[in-house]
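Structure assessment
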Amino acid sequence: PQWQTSVIRSSTPSNPKGLRVLVTGAAGFVGSHVSVALKRRGDGVVGIDNFNRYYDPSLKRSRADLLSREGVFVVEGDINDSSLLKSLFKLVKFTHVMHLAAQAGVRYAMKNPSTYIHSNIAGFVNLLEACKSVNPQPAIVWASSSSVYGLNSKVPFSEKDRTDQPASLYAATKKAGEEIAHTYNHIYGLSITGLRFFTVYGPWGRPDMAYFFFTKDILKGKQIQIFEGAEHRSVARDFTYIDDIVKGCLGALDTAEKSTGNGGKKSGPAQLRVYNLGNTSPVPVGKLVSILEKLLKIHAKKKVMPMPRNGDVPFTHADISLAKKEIGYKPATDLEKGLNKFVTWYLDYYSTQSAKKDSSKPSAW
Ligand code: NAD
């Protein structure tokens, strides 16, 4: 069938030393950027995504269109579909799996808890089952989250810090993923690297994230709500630019060792790693808004409110020394520079959409 031919073509590296990577969540924000970066440096890449309706599916379709122009084929399917995964692993000897499919967002869990279990726990286990059953086993790099630090108030967050106080179901499923990774590494010798991303932003970003909907609402002249923590302390995030995150993902893939297989009995313990990927400079949300006002040249209508107990944590701040040392991670984009790129993309993407020019497909990545 045609899709199998497309999978094989897409998975073939143009560089003879290139990797063969299965990217889950490839039509998502981070997945689409990582897929393009891998393909452009000569790796073979196949994507999988279920194009769910958590946010505007047309944005996912636009990303997938651009991926297809770059030569990346995205299979439409769910990571819980064992027979689909089995056929993919039969068609291609993947050297690596970059697992970015998940139900993201913390507030959505209050009304839709089961989707977090389905994608972040059952889906992850299903994917690991597929990886463990093939020979050679691919090395796995997957997205955990800074949210595992939960209500921990010791900053900056280091990988050694406690992660036993998740503030949301989302965080709890990411923490569960880390425990599951431990088990599959221990029993089956799978090589697994978890990356704790800190608030990723940039072009082609997620409409459910604050920087994105603030931009939308400021442009529309709508009032925006800014939350403050206890004792009127500002809520702050360690905003990390997408290109920096992509470099961290590539660094993790390039330093991933092959799985030892066979329960880790062959050649010592298989690799099990966890890294923070942040920017090391938390910015109060009020400052984020003032940068957006400057870039958009519009004064925002703001309402400051106490933070509700809805799963968000008041503060995040990454210690990235481990990722720096072991995977060469070095974030290089400050918030104003990164937001400038986001705003430029946003204005271009949505003006093209509303004009319905060229069937609303922007031409550049
Ligand atoms: P995203 O929602 O844009 O991307 C996830 C993609 O996975 C979506 O396209 C979705 O359709 C797909 N997907 C979801 N469930 C699936 C399933 N069961 N089967 C197949 N596809 C499925 O989110 P993102 O911001 O690109 O996040 C990527 C990863 O990074 C996620 O694991 C997320 O939890 C994690 N993360 C993101 C951030 C951030 O700030 N963006 C921070 C921490 C962690």
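Below is a summary of the structure that appears in this document. (Residues numbered from 1 in each chain as written. Predicted model: local features only at pLDDT ≥ 70, side-chain atom pairs only at ≥ 80, totals over all residues. Heavy atoms only, no water.)

Here we take up the site of the ligand. Around the ligand, a shell composed of 28 residues is seen, among which V30, D49, Y55, Y170 and V200 lie nearest. Between the ligand and Y55 there is a distance of 2.5 Å, counted from an oxygen atom to a side-chain nitrogen or oxygen. One of the backbone nitrogen or oxygen atoms of L100 is found 3.4 Å away from an oxygen atom of the ligand. Burial of the ligand by the protein amounts to 98% of the accessible area it has alone, namely 810 Å². Here the shell around the ligand gets three residues from one element, more than from any other, and that element is strand β5 (residues 139–145). By residue class, the composition of the shell around the ligand is 14 nonpolar, nine polar and five charged. (Near = heavy atom within 4 Å. Polar contact = N/O pair within 3.5 Å; in protein donor to acceptor, adjacent residues only side chain to side chain. Areas by Shrake-Rupley, 256 points an atom, 1.4 Å probe, with all protein chains shown as cover. Helix = DSSP H or I, 4+ residues; strand = E, 2+ residues; numbered from the N terminus. Nonpolar A, V, L, I, M, F, W, Y, C, P; charged D, E, K, R; others polar.)

Looking now at the sheet that holds strand β11 (residues 272–277). Ordered by their spatial adjacency, seven strands build an open sheet running β3-β2-β1-β4-β5-β6-β11, and the pairing between neighbours is parallel. With one partner strand each, in any of the chains shown, β3 (73–76) and β11 form the two edges of the open sheet. Taking the axes of each pair of neighbouring strands and ignoring which way they run, one obtains an average angle of 20° across the sheet. With four bridges connecting them, strand β4 (residues 96–99) and β5 associate as parallel partners. Residue H96 lies in a different strand from β5, and its bridge partner there is A139. Strands in contact with helix α4 (residues 82–91) are β1 (20–24), β2 (44–49), β3 and β4; relative to β2, the strand with the most contacts, it is inclined by about 175°. (Pairing = 2+ DSSP bridges. Axes fitted to C-alpha atoms, helices over the stretch in contact; angles between N-to-C directions. Contact = heavy atoms within 4.5 Å.)

We now examine the nonpolar core. Among the nonpolar cores identified, the biggest contains 72 residues, and V30, V34, M98, L195, F197, Y211 and L288 are the most heavily contacted of them. If near-sequence neighbours (up to four positions away) are discounted, L195 is found in contact with M98, V141, W142, A143, S144, S145, C249, A252, Y275 and L277. (Core = buried A, V, L, I, M, F, W, Y, C linked by side-chain atoms within 4.5 Å. Buried < 20%, exposed > 50% of the residue type's maximum accessible area, 1.4 Å probe, protein only.)

Tallying each qualifying case throughout the model produces 14 salt bridges. The partner of E179 in a salt bridge is K175, and the shortest N-O contact between them spans 3.0 Å. Of this pair, E179 and K175 both sit in helix α6 (residues 169–188), four residues apart, which is roughly one turn of the helix. Judged by relative accessible area, which is 43%, E179 ranks as partly exposed. As a salt-bridge pair, E293 and K302 come within 3.4 Å of each other at their nearest N and O atoms. Classification of E293 as buried rests on a relative accessible area of 12%. Each of R41, D43 and D254 takes part in one network of salt bridges that share partners. (Salt bridge = Lys/Arg side-chain N within 4 Å of Asp/Glu carboxyl O.)

With the rule as written, the count across this model stands at one cavity of 30 Å³ or more. In this structure, the largest cavity spans a volume of roughly 60 Å³. Together, H99, A101, A102, S119, N120, F124, W142, A143, T173 and K174 line the largest cavity. Broken down by secondary-structure element, the contributors of at least two residues to the lining of the largest cavity are α5 (113–132), β5 and α6. Looking at the lining of the largest cavity element by element, the count peaks at three residues for α5. Of the residues that constitute the lining of the largest cavity, the class distribution is five nonpolar, four polar and one charged. (1 Å grid on protein atoms, 1.4 Å probe; cavity = no way out; pocket = protein on both sides within 12 Å on 5 of 7 lines; lining within 4 Å. Points joined across faces, edges and corners; volume = space filled by probe spheres on them.)

This paragraph deals with the packing of α4 against α5. As a packed pair, α4 and α5 sit with axes 10 Å apart at the nearest point and diverge in direction by 35°. α4 and α5 meet at a crossing whose hand is right-handed. Note on element contacts: α5 touches α4 through N126, L127, A130 and C131, opposite S82, L85 and F89. Taken together, the residues of the contact of α4 with α5 break down into five nonpolar, two polar and no charged. (Left-handed = near helix turned anticlockwise from the far one by under 90°.)

The omega torsion across N135 and P136 is 0°, close enough to zero to call that bond cis. Within the secondary structure, P136 sits in the loop between α5 and β5. Omega for the bond connecting V155 with P156 falls within 30 degrees of zero, at -10°, which places this linkage in the cis form. Phi is positive for F51, which is not a glycine, with a value near 45°. Backbone geometry at K297 places phi at a positive 55°, although glycine is not the residue there. By secondary structure assignment, the location of K297 is in the loop between α9 (285–296) and β13 (302–306). Residue class for K297 comes out exposed when judged on its relative accessible area of 73%.

For helix α7 (residues 210–220), every residue scored as buried is listed here: Y211, F212, F214, T215, D217 and I218. On its buried face, α7 is in contact with α2 (29–40), β7 (200–201), β8 (224–228), α9 and α11 (335–355). Residue G221 follows α7 closely and has a positive phi angle near 75°.

In this section: α5. Its 20 residues give α5 an end-to-end C-alpha distance of 28 Å, which sits within 8% of 28 Å, the value for a rise of 1.5 Å per residue. Where α5 bends most, at G123, the angle is about 35°. Taken residue by residue, α5 has Y116, S119, N120, G123, F124, N126, L127, L128, A130 and C131 as its buried positions. (Expected span 1.5 Å × (residues − 1). Bend = angle between axes of the 7 residues up to and from the residue.)

The next point concerns the pairing of β3. Where β2 lies against β3, four bridges are found, and the strand directions are parallel. Each residue of the ladder has a partner; that of V46, found in β3, is F73. A crossover connection joins β2 to the parallel β3 through helix α3 (residues 57–69); in handedness this β-α-β unit is right-handed. (Right-handed = clockwise from strand over helix to strand, strands pointing away.)

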